[in-house]
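Survey of secondary and tertiary structure
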Amino acid sequence: MNKKTSSAGFRHQLGHFGDVMHDRWLRAPGWQRWIVYLLLIVCALLLPSESIGSFMSPDTDWATILFFPIGTYVVLAIGLNVVVGQAGLLDLGFVAFYAVGGYAMALLGTRMGWDFWVILVVGIGICALSGITLGAPTLRLRGDYLAIVTLGFGEIIRITARNTDSIGGPTGISGIPHPPNLSEDFELFGVKIFKYGVLDPRPYYYLLVALAVIVIILVKRWEKSRVGRAWAAIREDEDAAEVMGVPTFRFKMLAFAIGASIGGAMGVLWAAKSVSLNPNDFQFLLSATILAAVVMGGSGNLPGVMLGAFVVAWLPERFRELKDYRMLIFGAVLVALMIFRPEGLLPSRQRKAEFKEGSGGMGTLGAEVPGPESHGEEVASR
């Protein structure tokens, strides 16, 4: 009993600290926020430093790990958070849009000779259309049924790619072109950041940081707009939102299209860096991993989602020297985090309130999952 009390007290203190910091952030002047944003971007640009890599990833190349899986998982988690965290739609086939973006880069780059920047725009459009194509017949479904359909869509894309010889079949596509060099002389921190080749992953990482910054700005703008309020209403109670005049189907389609576009953009960039791809790069496990990052970080809270993606991607690489046991440790850490922080590492205040009410912190997705406080009150009433 004492252990449970101390655990609950620790969670309460941690939550109170988070609330205090959140309040201070809301009261901070705009110029202070911009300084913090710029410092965070500078820190992200400094991450490939070897001094940092010697601790973060002693057994593998740190700059390579920063691009994939860490940076890739972060961008994908931001895209999935739009669908799962903000609109409350459980998507288990998000890897399909990542695959569509990758294959768009591979096919248009190798067979039509298109420029990377043109393919990036076209790939985003194709993935948005794919999200609409998936959402149009399926978004009338909810909860588990929607999850099963999206899971099937992800597997359909992978199996179709594996069985279609015209797009490489099981061997995939190789010889994917890199982005064109914008400048071979400009350097940042001693790195020619606009010279894209095979050996140095850092220019691709800096390009990923630029993509992440653009995506974060757009997602936050959507979140604070009428669109974000509509997503929140759908997440909490779709029927009530419909009665109040929210065109729920249209906003759910928009969430799917936006999430798919972000996943596709990351797929284009990843394919340009990887030079080759095959259907095995797009397993269901990747969708499950990104979903775990979203939930573990704090579904619906952008900083929490990014932190969750970082932890999920980094932990297995940090303990690579333990070989087979590293996945055991990784799983144990995830279980421990879900026990002591079931609402996520950095949940928003609104989502913590939802969790206390018994929604499991996932809106309508977790409506049958009691939160710790509600469970305690139920036991006390008995």
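As the structure is a computational prediction, the values presented were derived from the model and not from experiment. All residue numbers refer to position in the chain's written sequence, counted from 1. The model is predicted, so local features are restricted to residues of pLDDT at least 70 and side-chain atom pairs to those at 80 or more, both for listing and for counting; the totals for chains, interfaces and linings are taken over all residues. Heavy atoms throughout the structure, all of them, feed into the side-chain values; hydrogens and water do not.

**Concerning the overall build of the chain**
- For the purposes of this entry, the term helix denotes a DSSP run of H or I that reaches at least four residues, the term strand denotes a run of E that reaches at least two, and both are numbered from the N terminus. What the chain contains, in helices and strands, is 16 helices and zero strands.
- For every residue, the accessible area obtained with a 1.4 Å probe (protein chains only) is divided by the maximum for its type, and the residue is called buried under 20%, exposed over 50%, and partly exposed between those limits. Per-residue burial for the chain yields a buried fraction of 47% across its 382 residues.
- We call two residues in contact whenever any of their non-hydrogen atoms come within 4.5 Å of each other. In the chain, the share of contacts with a sequence separation of at least 24, taken over all contacts with a separation of at least 6, comes to 70%.
- Each accessible area value is a Shrake-Rupley result obtained with a 1.4 Å probe; residue values ignore everything except the protein chains displayed when judging cover. Summed over its atoms, the accessible surface of the chain is roughly 19200 Å², and 65% of this surface lies on carbon and sulfur atoms.

**A look at the packing of helix H5 (residues 95-111) against helix H11 (residues 248-274)**
- In the contact formed by H5 and H11, the axes pass within 6 Å of each other and the chain directions differ by 45°. Put simply, H5 runs oblique to H11. Between H5 and H11 the crossing geometry is right-handed. Side by side, H5 and H11 meet where Phe97, Tyr98, Gly101, Gly102 and Met105 of the first sit next to Ala260, Gly263, Gly264, Met266, Gly267, Val268, Trp270, Ala271 and Ala272 of the second.
- When residues are grouped by polarity, Ala, Val, Leu, Ile, Met, Phe, Trp, Tyr, Cys and Pro land in nonpolar, Asp, Glu, Lys and Arg in charged, and all others, Gly among them, in polar. Along the lines of polarity and charge, the residues of the contact of H5 with H11 split into nine nonpolar, five polar and no charged. Whenever a helix is involved, its axis is fitted only over the stretch in contact; in every case the axis is a line through C-alpha atoms, and angles between N-to-C directions fall within 0 to 180 degrees. Any angle between 65 and 115 degrees counts as roughly perpendicular, while under 35 counts as roughly parallel, over 145 as roughly antiparallel, and the rest as oblique. Rotating anticlockwise by less than a right angle from the far helix to the near helix defines a left-handed crossing, while the corresponding clockwise rotation defines a right-handed one.

**Here we look at a nonpolar patch on the surface**
- Surface patches are drawn from residues lacking salt bridges whose relative accessible area is over 30%; two like charges belong together within 9 Å, two nonpolar side chains (Val, Leu, Ile, Met, Phe, Trp, Tyr) within 5 Å. Here, a salt bridge means any side-chain nitrogen of Lys or Arg that lies within 4 Å of a carboxyl oxygen of Asp or Glu. Side chains of Trp34, Val36, Tyr37 and Leu40 sit close together on the surface and give an oily, nonpolar patch of about 430 Å² of accessible area.
- Examined against the element boundaries, Leu40 turns out to sit in helix H2 (residues 30-46).
- Take Leu40: its relative accessible area is 54%, and that puts it in the exposed class.

**Considerations on the pattern of salt bridges**
- Counted according to the given criterion, the structure contains ten salt bridges.
- Ionic pairing is found between Glu155 and Arg158, a salt bridge with its closest N-O pair at 2.7 Å. Of this pair, Glu155 and Arg158 both sit in helix H7 (residues 143-163), three residues apart, roughly one helical turn.
- With a relative accessible area of 11%, Arg158 lands in the buried category.
- As a salt-bridge pair, Arg320 and Glu317 come within 2.9 Å of each other at their nearest N and O atoms.

**Focus on unusual backbone geometry**
- Residue Pro69 is reached from Phe68 by a cis peptide bond, and omega for that bond is 15°.
- Position of Pro69 relative to the elements: it lies in helix H4 (residues 62-86).
- The backbone of Val275 sits at a positive phi, close to 75°, despite the residue not being glycine.

**Some remarks on the side chain of Asn81**
- Its place among the elements puts Asn81 in helix H4.
- Exposure remark for Asn81: the relative accessible area of 0% places this residue in the buried category.
- Here a polar contact is recorded for every N or O atom pair within 3.5 Å, except that within protein the pair must consist of a potential hydrogen donor and a potential acceptor, and residues adjacent in sequence are included only if both atoms are side-chain atoms. There is a polar contact of 2.8 Å between the side chain of Asn81 and the backbone nitrogen of Gly300.

**A closer look at the packing of aromatic side chains**
- Here a pair means two rings of Phe, Tyr or Trp (six-membered ring of Trp) with centres within 6.5 Å. Their orientation is stacked below 30 degrees between planes, edge-to-face above 60, and tilted elsewhere. Scanning the entire structure with this criterion turns up 14 aromatic pairs.
- Measuring from ring centre to ring centre gives 5.6 Å for Tyr98 and Trp270, while their planes differ by 50°; the resulting arrangement is tilted. Taken together, the residues span a long stretch of sequence, with Tyr98 in helix H5 and Trp270 in helix H11 at a distance of 172 residues. Both residues of the pair, Tyr98 and Trp270, count as buried.
- Aromatic side chains Tyr103 and Phe282 sit 6.0 Å apart centroid to centroid with 45° between the ring planes, which places their arrangement in the tilted category. With Tyr103 in helix H5 and Phe282 in the loop between H11 and helix H12 (284-298), this pair connects stretches of sequence that are 179 residues apart.
- Note on geometry: a ring has a charge over it if NZ (lysine) or CZ (arginine) is within 6 Å of the ring centre and within 35 degrees of the ring normal. One residue, Arg140, lies across the ring of Phe249, its end atom 3.9 Å from the ring centre.
- Taking the ring centre of Phe251 as reference, the NZ or CZ of Arg250 above it sits at 5.9 Å.

**Quick word on the confidence of the model for the chain**
- Each residue carries a pLDDT score, the predictor's own confidence in it, on a scale running from 0 to 100. Per-residue pLDDT for the chain averages 86, and the proportion of residues at 70 or more is 85%.
- Low confidence marks residues 366-382, where pLDDT is under 50. Its contacts with residues over four positions away, or in another chain, come to 16 contacts.

**Thoughts on the packing of H4 against H12**
- Viewed as axis vectors pointing N to C, H4 and H12 meet at an angle of 75°, and their least axial separation amounts to 9 Å. It follows from the interaxial angle that H4 and H12 lie roughly perpendicular. Between H4, through Tyr73, Leu76, Ala77, Leu80, Asn81 and Val84, and H12, the contact on the second element is made entirely by Leu286, Thr289, Ile290, Leu291 and Val294.
- Taken together, the residues of the contact of H4 with H12 sort by class into nine nonpolar, two polar and no charged.

**What to know about the environment of Pro69**
- When its relative accessible area of 7% is taken as the criterion, Pro69 is described as buried.
- Considered as a pair, Pro69 and Glu317 are 248 residues apart in the sequence and their alpha carbons are 9.2 Å apart.
- In this structure, Pro69 is in contact with Ala313 and Glu317, ignoring residues within four places of it in sequence.

**A short note on the environment of Thr138**
- Secondary-structure assignment places Thr138 in helix H6 (residues 116-138).
- On a C-alpha basis, the gap between Thr138 and Met253 in space is 9.9 Å, while along the polypeptide they are 115 residues apart.
- Only 2.5 Å separates the side chain of Thr138 from the backbone oxygen of Leu134, close enough to count as a polar contact.

**Describing H7**
- Between the first and last residue of a helix there are one fewer steps than residues, each counted as 1.5 Å, and that sum is the expected span. Across its 21 residues, H7 extends 31 Å between first and last C-alpha, which sits within 8% of the 30 Å expected from 1.5 Å per residue.
- Every buried residue of H7 is accounted for by Leu146, Ala147, Thr150, Phe153, Gly154, Arg158 and Ala161. End-on view of H7: buried residues confined to an arc of 120°, all on one side of the axis. Set apart from the buried face of H7 by more than 90 degrees, the exposed residues are Asp144, Tyr145, Ile148, Ile156 and Asn163. This arc corresponds to the set of directions leading from the helix axis out to the C-beta atoms.

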